[in-house]
Amino acid sequence: MDVIEILRKASNKIYENVKDLAGTEDAAGDFGVGAGGDISRNIDIIAEKTVLDYLKEINFECVVLGEECGRVELSNKPKGFIIMDAIDGSANAVRGVPFFCSSLAFATEDKLSSITDGVITNLSNGEMYWASKNKGAFFNNKQIKVHKKNPIYKIVGINTSGASIELMNKLHPIFKNHDHVRHFGANALEMAMFARGLMDIFIDLRNKIRIQDIAAGYVIVKEAGGMLLDENLNPLDADLSYETRVSFIAAANQEILDEIMSQINN
Ligand code: IPD
Ligand code: CA
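Cut-offs applied
By convention here, each chain's residues receive numbers from 1 onward along its written sequence. Chains and ligands are labelled by the order in which they are written, letters from A for the one and numbers from 1 for the other. Owing to the predicted nature of the model, reporting of local features is limited to residues with pLDDT of at least 70; listing and counting of side-chain atom pairs is limited to 80 or more, with chain, interface and lining totals taken over all residues. Computation of side-chain values: all heavy atoms of the structure, hydrogens and water removed. Near is defined per residue: the residue qualifies when any heavy atom it owns lies within 4 Å of the molecule or strand. We call two N or O atoms a polar contact when they sit within 3.5 Å, provided that within protein one can donate a hydrogen and the other can accept it, with sequence-adjacent residues counted only if both atoms are side-chain atoms. Surface exposure here means Shrake-Rupley accessible area, sampled with a 1.4 Å probe, where a residue is shielded only by the protein chains that are shown. By definition, any uninterrupted DSSP run of H or I lasting at least four residues is a helix, any uninterrupted run of E lasting at least two residues is a strand, and each is numbered from the N terminus. Three classes are used, and their members are as follows: Ala, Val, Leu, Ile, Met, Phe, Trp, Tyr, Cys and Pro are nonpolar, Asp, Glu, Lys and Arg are charged, and the others, Gly among them, are polar. Excluding any residue in a salt bridge, patches collect residues exceeding 30% relative accessible area, merging like charges within 9 Å and nonpolar Val, Leu, Ile, Met, Phe, Trp and Tyr side chains within 5 Å. Any Lys or Arg side-chain nitrogen located within 4 Å of an Asp or Glu carboxyl oxygen qualifies as a salt bridge. His is not counted, nor are the chain ends, whereas Lys and Arg count as positive and Asp and Glu as negative. Charge positions are represented by NZ for Lys, CZ for Arg, CG for Asp and CD for Glu. Helix span is expected to be 1.5 Å times the residue number reduced by one. To get the bend at a residue, fit one axis to the 7 residues ending there and another to the 7 starting there, then take the angle between the axes. We call two residues in contact whenever any of their non-hydrogen atoms come within 4.5 Å of each other. Burial classification: accessible surface area is computed with a 1.4 Å probe over protein chains only, and a residue below 20% of its type maximum counts as buried, one above 50% as exposed, and the rest as partly exposed. By this definition, two strands are paired if DSSP reports at least two bridges between them.

**Here's the deal with the site of ligand 1**
The environment of ligand 1 is formed by 16 residues, the closest being Asp-88, Gly-89, Ser-90, Asn-159 and Arg-210. Between an oxygen atom of ligand 1 and a main-chain N or O atom of Ala-186, the distance comes to 3.4 Å. In isolation ligand 1 has 370 Å² of accessible area, and contact with the protein removes 85% of it. When contributions to the shell around ligand 1 are tallied by element, the ones reaching two or more residues are strand E5 (81-88) and strand E13 (201-210). Partitioning the shell around ligand 1 into residue classes produces 3 nonpolar, 6 polar and 7 charged.

**Concerning a negative patch on the surface**
The grouping of Glu-109, Asp-110, Asp-237, Asp-239 and Glu-243 at the surface amounts to a negative patch. Relative to the helices and strands, Glu-109 resides in the loop between strand E6 (101-107) and strand E7 (115-122).

**Looking at helix H4 (residues 165-177)**
Between the first and last C-alpha of H4 there are 19 Å, a value that for 13 residues agrees with the 18 Å anticipated at 1.5 Å per step. Along H4, the helix axis deviates most sharply at Leu-171, where the bend reaches about 45°; the proline Pro-173 sits within four residues downstream. Against the buried residues of H4 lie strand E11 (156-158), strand E12 (181-182), E13 and helix H7 (254-262).

**Thoughts on helix H6 (residues 211-223)**
The terminal C-alpha atoms of H6, which comprises 13 residues, lie 18 Å apart, in line with the 18 Å expected from a rise of 1.5 Å per residue. Along H6, the sharpest kink reaches roughly 30°, centred on Gly-217. Here H6 lies mainly inside the structure; 12 of its 13 residues are buried. Along H6, the residues classified as buried are Ile-211, Gln-212, Asp-213, Ile-214, Ala-215, Ala-216, Gly-217, Tyr-218, Val-219, Ile-220, Val-221 and Glu-223. Following H6 by one or two positions, Gly-225 adopts a phi angle in the positive range, close to 90°.

**Details of the pairing of E13**
Most of E13 is tucked away, with 8 of its 10 residues classed as buried. In this structure, E11 lies alongside E13, joined through 3 bridges in parallel fashion. Its bridge partner lying in E13, Gly-157 is registered against Phe-202. Pairing analysis gives 6 bridges linking E13 to strand E15 (residues 245-251), with the strands arranged antiparallel. Bridge assignment links Asp-204 to a residue of E15, and that residue is Phe-248.

Structure representation (structure tokens):
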């Protein structure tokens, strides 16, 4: 089975196992601090176990880098890394806000730029975004592209959760100049929606986002024709370590990138 098929199957299984759990008291059960540094909730644990059980069942030889479970070596001859955020947007999932997803990616080396496959499933409705390197990005079975045309409403996505006052001051002109600034609370799903052309730019300059939250989005955005840059406007790359935190800018085209960058206070 191709890696993308494995990720799609695993992602579907997560959807089946958690779709009736979101927003219930059972979803919230506290399992202590996970490898990514946040409290692991019951819904996170169930979703991760679904993937680990499936990978073991099909004997997929890999190392799993899970947000809650940490590094799990499923083989001593691994083909690569499965980078797993089984529930991205855990707070939304626990509260029942219908905006949370799973994010699964495959990398051949310890680098974001070696990611070959990624799948993001919207767990509130089962819709799936997926991409393989050099093969395009898809939403369900339809190929997707970032929004290249001049939009009727310009939608600017900015992750500001826990942002410092310094960052908010830098970003203030963007808020002042744009009536449609958005942040929905699940980074991976926001990257997927950007790749589908529903936002023109999506930025996160907090230097807080973990590799698990961007890994699948990385290949989906690139395969949809998006620009994916770090805070210095170089191509985004990073190692896959648990300590790594990044900032990024996903832009549909040079024009919107230039416009937004020119509005950031330095
Ligand atoms: C979180 C979401 C959120 C972002 C946080 C992440 P999690 O992921 O992606 O949008 O603001 O930085 O931690 O914790 O729900 O997997
Ligand atoms: Ca998570």
